[in-house]
Amino acid sequence: MATTVLITLLFLMPLFHYTPNLILAAIIITAVIGLIDYQGALHLWKVDKLDCVACLSSFFGVLFISVPIGLAIAVGISVFKILLNVTRPNTNVMGYISSTRTFQSLSRYSTAVRVPSFVIIAI
């Protein structure tokens, strides 16, 4: 496949010199339209809305502005998301479940009991 592309680029590219840019753009759009994954974007919206915002901002930034600026916007949103997750970690107050002899989240398990005089936190 790589050899075919190389031969095409070397010997057939001069033939495309006189092709109007509009036709070349139509060929590229036709080839690329299948790469857009709508279902993946919808799934990303259901899983994590900030990741979906980063995905859409990179798509529209690259489409309407330029590739470096669109990707810089997406990287900026991703770094913001990482900082947001680092500064606000997920914590749970744990309680003792006597039948299993383990500690589990008090909000998830109604049988969990707090240990007197201690606060056990899972980060």
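On a predicted model such as this, the values are computed, not experimentally measured, just so you know.

Conventions adopted
- Residues numbered from 1 in each chain as written.
- Predicted model: local features only at pLDDT ≥ 70, side-chain atom pairs only at ≥ 80, totals over all residues.
- Heavy atoms only, no water.
- Helix = DSSP H or I, 4+ residues; strand = E, 2+ residues; numbered from the N terminus.
- Pairing = 2+ DSSP bridges.
- Contact = heavy atoms within 4.5 Å.

Considering the arrangement of structural elements, one finds Pro68 in helix H5 (residues 67-87). Expressed as a C-alpha distance, the spacing of Pro68 and Tyr18, which sit 50 residues apart in the sequence, is 29 Å.

With three bridges joining them, strand E1 (residues 92-97) and strand E3 (residues 120-122) adopt antiparallel strand pairing. Following the sheet pairing, Met94 is matched in E3 by Ile120. Alignment of E1 against strand E2 (residues 102-105), held across four bridges, turns out to be antiparallel. Within E2, the residue paired with Gly95 across the bridge is Gln104. In this antiparallel pair of consecutive strands, E1 and E2, the connection spans four residues, and Arg101 shows a positive phi of 60°.

Moving on: the side chain of Ser105. Positionally, Ser105 belongs in strand E2. If sequence neighbours within four positions are ignored, Ser105 has contacts with Asn92, Val93, Met94 and Ala112.

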